[in-house]
Amino acid sequence: MLLHPVHFHPSVRHGQNQRSEALDFTGVGLLVVYLGDTCNFDCVYCDRDYIKHDIGPQNLLKKDDDEIIDFIRLASEQAEDLKSLSFHGGEPFLYVDRIDKLLEKIDPIIGDKVTYFITTNGSLIPENEWFFEKWGKKITITLSYDFNYQEVNREPINLEGIADIIAKYNSHMMFQFVIPSNLPNCFGEDTIAEVLRSCKRARCDSLNLIPLRHHRGKRKFKVLIDDIELKRWSVDFMRFV
């Protein structure tokens, strides 16, 4: 069975009658809550400036909480294959108090059947260790980390400190690597070696690879994929994998 995701997003509002009558969660395996576009990093590929300027601010409001919980309750009742609830941003740990309050209400509803995922740059994890003490065993962190391109694409972080906290509270972690596809050595031996070193340092055995498609822009992106020789890129990518 194909399990597909359903997003709860600030730009889409669901009235209660519409929600109960129109939404069908059959076959849904993943729910995604987009918390907002606020972030403490300024990564070269982020689309939040584009979203703010061309779509509008995308932050969930406190008054949305009951709607989110009702949305998740309905999904839980219908979706026998529901396995995951993921929080995205922006930077989710800027919304950590919000996530905590939502989980307090959501966990009694679906806590036995799902894993909670948080996609984060990791920088705010050390100052929010309390969150892992409370929810650690149920959390999987997807850590956006670009290995030897970390300081090229985004700000550096204390990888060992983050990994220690995640391990201390029996959470799980996977890396998310945005590969700078436009750079000729992006799949080279130096990158492979740094990936292996970092995975060992962080005690992490899962890696989500995302080829970089564009550089950010307030009104438009600089598209990189158009300038790439795809046949050569594909060969290099498969060799890297």
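If you're wondering where the values come from, they're calculated on a predicted model, not measured in any experiment. (Residues numbered from 1 in each chain as written. Predicted model: local features only at pLDDT ≥ 70, side-chain atom pairs only at ≥ 80, totals over all residues. Heavy atoms only, no water.)

In this section: the packing of helix α3 (residues 65-78) against helix α4 (residues 96-110). For the pair α3 and α4, the least separation of the axes is 10 Å and the interaxial angle reads 30°. By the criterion of interaxial angle, the relationship of α3 to α4 is roughly parallel. Helix-helix and strand crossings are classified by hand; for α3 and α4 the assignment is right-handed. Along its contact with α3, which presents D65, D66, I68, I69, I72, R73 and S76, the element α4 presents R98, L102, K105, I106, I109 and I110. Tallied by class, the residues present in the contact of α3 with α4 amount to seven nonpolar, one polar and five charged. (Axes fitted to C-alpha atoms, helices over the stretch in contact; angles between N-to-C directions. Helix = DSSP H or I, 4+ residues; strand = E, 2+ residues; numbered from the N terminus. Parallel < 35°, antiparallel > 145°, perpendicular 65-115°, else oblique. Left-handed = near helix turned anticlockwise from the far one by under 90°. Contact = heavy atoms within 4.5 Å. Nonpolar A, V, L, I, M, F, W, Y, C, P; charged D, E, K, R; others polar.)

To continue, consider the nonpolar core. Counting residues in hydrophobic clusters, the biggest one holds 65 residues, and the most contacted among them are F131, F132, I141 and F175. With near-sequence residues (within four places) excluded, F132 lies in contact with F93, I125, I139, I141, I165, I166, Y169 and S171. (Core = buried A, V, L, I, M, F, W, Y, C linked by side-chain atoms within 4.5 Å. Buried < 20%, exposed > 50% of the residue type's maximum accessible area, 1.4 Å probe, protein only.)

Glancing now at the layout of surface pockets. Volume-wise, the largest pocket comes out at about 710 Å³. Every residue lining the largest pocket is counted, 27 residues in all, and those nearest its centre are Y45, C46, D47, G89 and Q176. If you list the elements that add at least two residues to the lining of the largest pocket, you get α2 (48-55), β4 (115-120), β6 (172-179) and β7 (207-211). Residue classes in the lining of the largest pocket are distributed as 12 nonpolar, nine polar and six charged. Of the pockets and cavities examined, the second largest pocket occupies roughly 290 Å³. Forming the boundary of the second largest pocket are 16 residues, of which L183, P184, F187, R232 and D236 lie nearest the centre. (1 Å grid on protein atoms, 1.4 Å probe; cavity = no way out; pocket = protein on both sides within 12 Å on 5 of 7 lines; lining within 4 Å. Points joined across faces, edges and corners; volume = space filled by probe spheres on them.)

Before going further, it helps to examine α4. The end-to-end C-alpha distance of α4 is 19 Å, a good match for the 21 Å that 15 residues give at a rise of 1.5 Å each. Within α4, the axis deviates most sharply at E104, by approximately 35°, and proline P108 lies no more than four positions further along. Every buried residue of α4 is accounted for by V96, R98, I99, D100, L102, L103, I106, D107 and I110. As for α4, its buried residues are in contact with α3, β3 (84-88), β4, α5 (129-135) and β5 (139-144). (Expected span 1.5 Å × (residues − 1). Bend = angle between axes of the 7 residues up to and from the residue.)

Another point: the pairing of strand β2 (residues 28-34). Burial analysis of β2 places six of its seven residues in the buried class, the great majority of the element. Relative to β3, β2 is paired through five bridges, and the arrangement is parallel. Across the sheet, the residue bridging to L31 is L85, located in β3. (Pairing = 2+ DSSP bridges.)

This part takes up the pairing of β4. Direction of pairing for β3 relative to β4: parallel, over a ladder of four bridges. The residue of β4 that forms the bridge with F87 is I118. In this fold, the crossover linking β3 to β4 by way of α4 has right-handed handedness. Where β4 meets β5, five bridges bridge the pair, whose relative direction is parallel. Counterpart to T119 in the pairing with β5 is T142. Following the backbone out of β4, through α5 and into the adjacent parallel β5, one traces a crossover that is right-handed. (Right-handed = clockwise from strand over helix to strand, strands pointing away.)

Turning to the packing of helix α7 (residues 159-168) against helix α8 (residues 189-202), a few remarks are in order. As a packed pair, α7 and α8 sit with axes 9 Å apart at the nearest point and diverge in direction by 40°. For the element pair α7 / α8, the angle class is oblique. Residues L159, E160 and A163 of α7 form the contact with α8, whose own contacting residues are S198, R201 and A202.

Within the structure shown, the criterion is met by 15 salt bridges. The partner of K101 in a salt bridge is D100, with the nearest N and O atoms 4.0 Å apart. Its relative accessible area of 47% is what places K101 among the partly exposed residues. Salt-bridge contacts for D236 lead to R239; the nearest nitrogen and oxygen are separated by 2.9 Å. One end of the pair, D236, and the other, R239, are both in helix α9 (residues 230-240), three residues apart, so they sit about a helical turn from each other. For R239, a relative accessible area of 61% gives the class exposed. The network of salt bridges with shared partners includes D100, K101, E104 and K134. (Salt bridge = Lys/Arg side-chain N within 4 Å of Asp/Glu carboxyl O.)

Shape is all these values report; function is a separate question.
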